[in-house]
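One-letter residues, chain by chain:
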Amino acid sequence: MAEEIVVIEGDGIGGEVVPAAIDVLDAAAASSDAIDADGFTYTYAAAGDAVEAETGEALPAETYEAAANADATLFGAAGETAADVILPLRDAVGSFVNVRPAKAYPGVDAVRPETDVVFLRENTEGVYSGHEDRLSEDLSTLTRVVTSSASRELAEFACEFVADGRGPDHRDGFTVAHKANVMRETDGRFREEVLSVAEEHGVDADEELMDAFATKLPLDPTQYGVVVCGNLAGDVLSDLAAGLVGGLGLLPSANIGHDNALFEPVHGTAPDIAGEGVANPTAAILSAAMLLEYLGYVDEGQGVRDAVEGVLRDGPRTGDLGGSATTSEVTAAIVERL
Ligand code: ATP
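Residues numbered from 1 in each chain as written. Predicted model: local features only at pLDDT ≥ 70, side-chain atom pairs only at ≥ 80, totals over all residues. Heavy atoms only, no water.

Peer 1: Give me the lowdown on the pattern of salt bridges, citing residues and values where you can.
Peer 2: Counted according to the given criterion, the structure contains 15 salt bridges. In this structure, aspartate 187 and arginine 144 form a salt bridge, with 3.1 Å as the shortest nitrogen-oxygen distance. Within this pair, whereas aspartate 187 is found in helix α6 (residues 186-201), its partner arginine 144 is found in the loop between β7 (140-142) and α5 (148-163), the two being separated by 43 residues in sequence. Look at arginine 144 and you get partly exposed, because its relative accessible area is 24%. Residues glutamate 185 and arginine 189 are paired through a salt bridge, measuring 4.0 Å at the closest nitrogen-oxygen approach. Classification of arginine 189 as partly exposed rests on a relative accessible area of 34%. Through salt bridges with shared partners, one network takes in Arg152, Glu193 and Glu200. (Salt bridge = Lys/Arg side-chain N within 4 Å of Asp/Glu carboxyl O. Helix = DSSP H or I, 4+ residues; strand = E, 2+ residues; numbered from the N terminus. Buried < 20%, exposed > 50% of the residue type's maximum accessible area, 1.4 Å probe, protein only.)

Peer 1: I'd like a description of the side chain of serine 95, backed by residues and values.
Peer 2: Summarising the element assignment, serine 95 is placed in the loop between α4 (82-92) and β4 (97-103). Within the local environment of serine 95, its side chain forms a polar contact with the side chain of asparagine 123, the two groups lying 2.8 Å apart. (Polar contact = N/O pair within 3.5 Å; in protein donor to acceptor, adjacent residues only side chain to side chain.)

Peer 1: Could you give me a rundown of the site of the ligand, with the residues and numbers involved?
Peer 2: The environment of the ligand is made up of 14 residues, and the closest members are Gly268, Thr269, Ala270, Asp272 and Asn280. Histidine 267 is positioned such that a nitrogen or oxygen atom in its side chain is 3.4 Å from a nitrogen atom of the ligand. Between the ligand and glycine 268 there is a distance of 2.8 Å, counted from an oxygen atom to a backbone nitrogen or oxygen. (Near = heavy atom within 4 Å.)

Peer 1: Explain the pairing of strand β3 (residues 72-77) residue by residue, including any values.
Peer 2: When you tally the buried positions in β3, you get 6 out of 6 residues, the bulk of the element. Here 5 bridges tie strand β1 (residues 4-10) to β3, and the two strands are oriented parallel to one another. Bridging from a neighbouring strand, glycine 10 pairs with alanine 77 of β3. Note: β3 against strand β12 (residues 261-265), 2 bridges, orientation parallel. (Pairing = 2+ DSSP bridges.)

Peer 1: Which residues make up the environment of proline 281, and what values do they have?
Peer 2: Position of proline 281 among the secondary structure elements: in the loop between β12 and α9 (282-294). Judged by its relative accessible area of 0%, proline 281 is buried. For proline 281 and aspartate 172, which are 109 residues apart along the polypeptide, the C-alpha to C-alpha distance reads 31 Å. In this view, proline 281 contacts Val17, Ala20, Thr318, Thr327, Val330 and Thr331; residues no more than four positions away in its chain are not counted. (Contact = heavy atoms within 4.5 Å.)

And the structure:
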């Protein structure tokens, strides 16, 4: 039976790059024997600034429900309402890990062209769990939440990820980045649980203090492959890696749950170029490749990645990569290769 994919374009260039990703999903489905002859079923749902202006709600209940009941969701971007949209959507799909690859592609002007790392970021707790208080005129506090169960769940995912060969080829196992020398209780627990799950699974795991990691990654990214982090560290360190590979228009991400997942480009709504038809669709298309792999269509996902890589190498390219092609021209070139 055709899988049901919920499509939320959102605001700004979301309405340009998500349709590009759907064209690529359709082309991948048409060229694959494994995918149902009818392709995927798409259910369109609304979220973001425009919907809020119209209805007063950035994430209507029917969008939340649709994502919660889908096989997977493809999301574009939301503007001012981003936090009101994406945090509940991650909850709707029961996401516990955020997967963020940062790979430098040939033909793209990267600060570190040898970068090929994948961050696996804990997606539910740490300092982002919402426990902030203003206790007085002078004092605000934040409670950092770390549980053994979430740390172990992330580590189990990481072990499976590397065992399936989904990490970069140049490194076995994974690195856990933490600050357990200072946050002895919270990151101490996180570190201990992650390393103990790795040991139980016979997976090679080394560790780095997150500040040392932030220095060492730009100096020599080839030291690292899969990197396992808490919520805030994963957010910051994966953005650092994004800076090394040359451009927000290239980076996909996945929010994975136990039986559902949501895929989105890392970039936002890019209001400066929205509506001009010149946005780079690569991040959204690589997010669709991750979606294919999540649904079990591993060869098809790889096929999309290869097509994207070919177009990044040979062109056409959008303006952010020094070219003058439109979103549709780049998408058509990728579809053509499929
Ligand atoms: P938001 O408020 O939605 O986060 P933003 O402009 O602050 O929007 P991004 O949307 O991530 O943040 O954009 C940052 C910069 O990167 C902008 O100059 C934007 O044009 C550029 N950019 C982001 N995504 C793309 C893309 N897919 N193609 C081309 N340029 C992009």
